[in-house]
Amino acid sequence: MLASGTAVARAIGALSIPVITRIYLPEHFGVLAVFTSLTALLVPFGTLRYSMALPLPKRDGTALNLAVLCVSSLLIVSLLVTLVFWLTAPYLLELLSMQQLLPFWWLLPLAIAGTGLYELLSHWAVRDKAFKPLARTKIWQAVIGAITKIGLGLLGLKPLGLLIGQVFTQAGGVFSLFKNFFGKFRSTWRHVSRTRIRFLIRRYADFPKYRLPSQFLLVFSTKAPLLYFAWHFGADITGQLGLALMVMALPINLFGQTTGKAYYGEIAKIGRKNPDKIYEITKNVTKKLFLISVPPFLVLLFGGPWLFQFIFGEVWREAGVFASMLAVYLLTQFVSSPLVNAMTVFEKQLMFLIINLVRLCGLIIIFGISYSLLLSPEATVLIYSIGLSIHYIFTAYLVFRIIKYSKPVVGLNEK
């Protein structure tokens, strides 16, 4: 259900890209890439990653206390981001050589608040296995986002149209999901108390302690190429890379993330009491994701430059070159990314943090080599793709080891 709804949403997004690339220039996409990178880096601090724990408690009252904690944290962080950028936006954006984003910094806290709320509600949907309403919101996001980007672009609002459309793409559907769960929220509201919230802060302390820095490092590692390219190569080349990564994210978002949510919901229900069953599910999911990933991998590897030039316009051929080099990275990421949800169920937050620290160190080495040797954008993307592919293969290997050698744990009941 979730995959089919997301398929429609991604199809809408994919069909809109050739239109959007003929309205906006690569430098506009460079601004969008930095905007989405900053949003993705700051959103995890909004909920302190407590939202990840929503599917775990047995009782809805306990989960609602977690949700209230997340909303309170998100409000505080959004206000802090507003204050910081109001005071220092010119200096911060100058560091990234992205002064074009300066007039639109006020969209950043809105994007953080909206994305954080949608993330929270989507985890509640996973908890309730409410995949149908969650799928509807993804379609809504894609439609409104595409219409906004195209409409405002035709009106000459560049790159503002891209930024506003991106906010709708990330946060659209918040009110729809909230309305869907409002009855349950209202009926369990009486269970919300400061005492329970304080208990849950301690009970799930591993999430802000380990999962938050892990998520930040993961997102930073994902967005590091865009930030490095913006700083070192300028907005135009960053836009080319941004389009390549955007197109490559379509199959990952279509099946990788949706499978990850469904996989997490299923193994969270099973719990640590039956690691053998989780191991079989994980092995089955991995095989299917690998088979799905082979066709787009081959298409990008051998036909990337020609496809991008034909579909998006001649000016975007460089993006196709980048996509061809990133094809191996796409395959390994697609297969391994959903599997890391198992670390949450088996409470291996520290291991997840270590994995992402290793990844960050690898990226520092890669971009350090690129900068010191004055490598071209193409050479930089190539060594980045090879390095990340090795990382994802190693991560998948660790997940299987964690599941295989975990002992069954019984009697884990939430208060």
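Bear in mind the structure is a predicted one, so any value in this text is a computation, not a measurement.

Reading guide: rules and limits
- Residues numbered from 1 in each chain as written.
- Predicted model: local features only at pLDDT ≥ 70, side-chain atom pairs only at ≥ 80, totals over all residues.
- Heavy atoms only, no water.
- Core = buried A, V, L, I, M, F, W, Y, C linked by side-chain atoms within 4.5 Å.
- Buried < 20%, exposed > 50% of the residue type's maximum accessible area, 1.4 Å probe, protein only.
- Contact = heavy atoms within 4.5 Å.
- Axes fitted to C-alpha atoms, helices over the stretch in contact; angles between N-to-C directions.
- Helix = DSSP H or I, 4+ residues; strand = E, 2+ residues; numbered from the N terminus.
- Parallel < 35°, antiparallel > 145°, perpendicular 65-115°, else oblique.
- Nonpolar A, V, L, I, M, F, W, Y, C, P; charged D, E, K, R; others polar.
- Patch = residues over 30% accessible without salt bridge, like charges linked within 9 Å, V, L, I, M, F, W, Y side chains within 5 Å.
- Areas by Shrake-Rupley, 256 points an atom, 1.4 Å probe, with all protein chains shown as cover.
- Salt bridge = Lys/Arg side-chain N within 4 Å of Asp/Glu carboxyl O.
- Lys, Arg positive; Asp, Glu negative; His and termini not counted.
- Charge placed at Lys NZ, Arg CZ, Asp CG, Glu CD.
- Expected span 1.5 Å × (residues − 1).
- Bend = angle between axes of the 7 residues up to and from the residue.
- Polar contact = N/O pair within 3.5 Å; in protein donor to acceptor, adjacent residues only side chain to side chain.

## A closer look at the nonpolar core
By size, the foremost hydrophobic cluster in this structure holds 70 residues, and its most contacted members are Leu 101 and Leu 243. Excluding residues that lie within four positions of it along the chain, Leu 101 makes contacts with Val 31, Val 34, Phe 35, Leu 38, Leu 93 and Leu 163. Judged by nonpolar contacts, the second largest core, of 52 residues, contains Leu 64, Tyr 263, Val 345 and Phe 400.

## Focus on the packing of helix 3 (residues 60-95) against helix 8 (residues 194-203)
Where helix 3 meets helix 8, the axes come as close as 9 Å, and the angle between the chain directions of the two elements is 85 degrees. Regarding the angle of helix 3 to helix 8, the classification is roughly perpendicular. Residues Thr 62, Asn 65, Leu 66, Val 68 and Leu 69 of helix 3 touch helix 8, and the partners they reach there are Arg 196, Ile 197, Leu 200 and Ile 201. Within the contact of helix 3 with helix 8, the residues separate by chemical class into 6 nonpolar, 2 polar and 1 charged.

## Overview of a positive patch on the surface
There is a patch of like positive charges on the surface, built from Lys 58, Lys 269, Lys 273 and Lys 277. Secondary-structure assignment places Lys 277 in helix 11 (residues 275-312). The exposure class of Lys 277 is partly exposed, given its relative accessible area of 43%.

## What to know about helix 3
For helix 3, which comprises 36 residues, the first-to-last C-alpha distance of 45 Å sits more than 12% below the rise-based estimate of 52 Å (1.5 Å per residue). Most pronounced at Thr 88, the bend in helix 3 amounts to some 85 degrees, and the proline Pro 90 follows within four residues. A positive phi of about 55 degrees marks Ser 97, the residue just after helix 3.

## Describing the pattern of salt bridges
Overall, the coordinates contain 5 salt bridges when judged by the stated rule. Asp 60 is the partner of Lys 184 in a salt bridge, and the nearest nitrogen-oxygen pair spans 3.5 Å. With Lys 184 in helix 7 (residues 174-188) and Asp 60 in helix 3, this pair connects stretches of sequence that are 124 residues apart. By relative accessible area, Lys 184 is classed as partly exposed at 29%. The partner of Lys 184 in a salt bridge is Asp 128, and the shortest N-O contact between them spans 3.0 Å. With Lys 184 in helix 7 and Asp 128 in helix 4 (residues 107-128), the pair connects residues that are 56 residues apart, well separated along the chain. Overlapping salt bridges, with partners in common, bring together Asp 60, Arg 127, Asp 128 and Lys 184 in one network.

## As for the side chain of Glu 119
With respect to the helices and strands, Glu 119 occurs in helix 4. Accessibility expressed as a relative area gives 16% for Glu 119, which makes it buried. At 3.0 Å, the side chain of Glu 119 forms a polar contact with the side chain of Ser 51. Setting aside residues no more than four positions away along its own chain, Glu 119 makes contact with Val 43, Thr 47, Arg 49 and Ser 51.

## Re helix 5 (residues 131-154)
Taking 1.5 Å of rise per residue, 24 residues should cover 34 Å, and helix 5 covers 35 Å from first to last C-alpha, within 8% of that figure. Positive backbone phi, approximately 90 degrees, marks Gly 156, located one or two places after helix 5.

## Overview of unusual backbone geometry
With an omega of 5 degrees, the peptide bond running from Lys 158 to Pro 159 counts as cis. Position of Pro 159 among the secondary structure elements: in the loop between helix 5 and helix 6 (160-171). With a phi angle near 55 degrees, Leu 48 is a residue other than glycine that sits in the positive phi range. Structurally, Leu 48 is set in the loop between helix 2 (26-47) and helix 3. Look at Lys 129: it is not a glycine, yet its phi comes out positive at around 55 degrees. Note that Lys 129 resides in the loop between helix 4 and helix 5.

## Side note on the environment of Arg 196
Residue placement: Arg 196 occurs in helix 8. Taking C-alpha positions, Arg 196 is 9.5 Å from Gly 61, a pair spaced 135 residues apart along the chain.

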